[in-house]
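# Close look at the chain arrangement
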Amino acid sequence: MLLNILNEGDEILDFVGPLGVASHFDGVKNVAVIGGGLGTAIAYPQAKKLNKLGASVDMITGFRNKDLVIIEDMCKSVCDNLYVMTDDGSNGNKGFVTQKLEELINSGKNYDLVIAIGPLVMMKAVSQLTKKYGIKTIVSMNPVMIDGTGMCGGCRITVGGETKFACVDGPDFDGHLVDFDSAILRSKMFKDTENQGREKHSCRMEGFENGR
Ligand code: FES
């Protein structure tokens, strides 16, 4: 919220990054990059990189309705085919990203990699689908992070029965090994604190706006 009130040219004091492990796409030939909601903004650079490496890239993006669709032209410019899905069909393409992905697989698309970035439930659904077809799948985990350096444990997730920290070990993980159910539970743990924080910040920002 604080970042959101900054204007172009404004400054922040410190910035640390990049953190975590960089994505590696060597040898990938046919890939489906899936973005759910705002996750599309993170899927875009992945598609761009793969496109630059010469891979054949299909992008599938999903939004609740057409008013929430973002960066459509940018995505189009970095992939071979873009499929924009909406839950309510308001853009003429009704359905979830998983429906389109399964349709493409069944039509003979031979993906050697699927990348899914978006809400946990979406990444879980994509991983379940690709497991059925035996397609390697990378998901991007973004649990609540506090220090971003592996010390607080806030971003803890379970992958293949082991505890991992998304900030230093991720954000990319094998979607077939991630314990999504525990990640979904953990993501709800902080809701009350988040709501309290949001309320506190709203009051502060009202204060700023009123010159107090
Ligand atoms: S954010 Fe603290 S350990 Fe990852």
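The structure reproduced in this document is the subject of the present report. Counting restarts for each chain, with residues numbered from 1 along the sequence as it is written. Whole-chain, interface and lining totals are the exception, using all residues; otherwise, since this is a predicted model, local features are given only for residues with pLDDT of at least 70 and side-chain atom pairs are given and counted only at 80 or more.

What follows deals with the overall build of the protein. Helix and strand counts for the protein come out as seven helices and eight strands. With the radius of gyration taken over C-alpha atoms, the globule rule is written as 2.2 Å times the number of residues to the power 0.38. By the compact-globule yardstick of 17 Å for 212 residues, the protein fits well, its C-alpha radius of gyration being 19 Å. Its C-alpha atoms give the protein principal-axis dimensions of about 60 × 40 × 30 Å. Note on burial: count the other C-beta atoms lying within 10 Å of the residue's C-beta; 20 or more is buried, 12 or fewer is exposed, in between is partly exposed, and C-beta positions come from the backbone. Looking at the protein residue by residue over its 212 residues, the buried ones come to 30%. Numbering of helices and strands starts at the N terminus; helices are DSSP runs of H or I of at least 4 residues and strands are runs of E of at least 2.

What follows deals with unusual backbone geometry. Residue Pro 18 is bonded to the preceding Gly 17 through a cis peptide linkage, with omega at 0°. Residues Gly 170 and Pro 171 are joined by a peptide bond in cis, for which omega reads 15°. Turning to its location among the elements, Pro 171 is positioned in the loop between α5 (166-169) and β8 (172-174).

Looking now at helix α3 (residues 97-106). Within α3, the full set of buried residues consists of Val 97, Thr 98, Lys 100 and Leu 101. Each buried residue of α3 lies within a common arc of 160° when the element is viewed along its axis, so the set occupies one face. Phi for Gly 108, located one or two positions after α3, is positive at around 110°. Directions from the helix axis toward the C-beta atoms define the arc.

So, on to the nonpolar core. Ranked by size, the top nonpolar core spans 43 residues in total, and within it Val 33, Ile 34, Ala 47, Val 57, Ile 115, Ala 116 and Val 126 carry the most contacts. Looking at this core, the element that brings in the most residues is helix α4 (residues 120-133), giving five residues. Note on contacts: each residue gets a C-beta atom placed from the backbone, and two residues are in contact if those atoms are within 7 Å. Non-local contacts of Val 57, meaning those with residues more than four positions away in its chain, are made with Val 31, Val 33, Ala 47, Leu 50, Asn 51, Val 78, Cys 79 and Asp 80. Any nonpolar core is a set of buried residues, restricted to Ala, Val, Leu, Ile, Met, Phe, Trp, Tyr and Cys, that join up through C-beta atoms within 7 Å.

This part takes up the pairing of strand β7 (residues 162-165). Here, strands pair whenever DSSP counts at least two bridges between them. Strand direction decides the pairing type here: strand β6 (residues 156-159) and β7, joined by four bridges, are antiparallel. Within β7, the residue paired with Arg 156 across the bridge is Phe 165. Where β6 folds back on β7, the antiparallel hairpin that results is connected by two residues, among which Gly 160 adopts a positive phi of roughly 60°.

Quick look at the pairing of strand β5 (residues 137-140) now. Burial along β5 is two-sided: Thr 137 and Val 139 facing one way and Ile 138 and Ser 140 facing the other are all buried. Two strands pair when backbone bridges link them, and strand β4 (residues 113-117) and β5 are joined in this way by three bridges, in the parallel orientation. Considered in β5, the bridge of Ala 116 is made with Val 139. Crossover handedness is defined by viewing with both strands directed away from the observer: a clockwise path from the first strand over the helix to the second marks the crossover as right-handed. Where the polypeptide runs from β4 across α4 and back to β5, its parallel neighbour, the crossover connection is right-handed. Where β5 meets β8, three bridges bridge the pair, whose relative direction is antiparallel. The partner of Val 139 across the bridge, within β8, is Phe 173.

Attention now moves to helix α1 (residues 40-52). Expected helix span is given by 1.5 Å per residue-to-residue step, counting one fewer step than there are residues. Between its first and last C-alpha atoms α1 spans 18 Å; for 13 residues at 1.5 Å apiece the expected length is 18 Å, and the two agree. What α1 keeps buried is the set Thr 40, Ala 43, Tyr 44, Gln 46, Ala 47 and Leu 50. Buried positions along α1 lie against β1 (30-36), β2 (56-63), α2 (72-76) and β4. Note on α1: the residue one or two positions beyond its end, Gly 54, has a positive phi of about 95°.

Geometric values such as these leave the question of function open.
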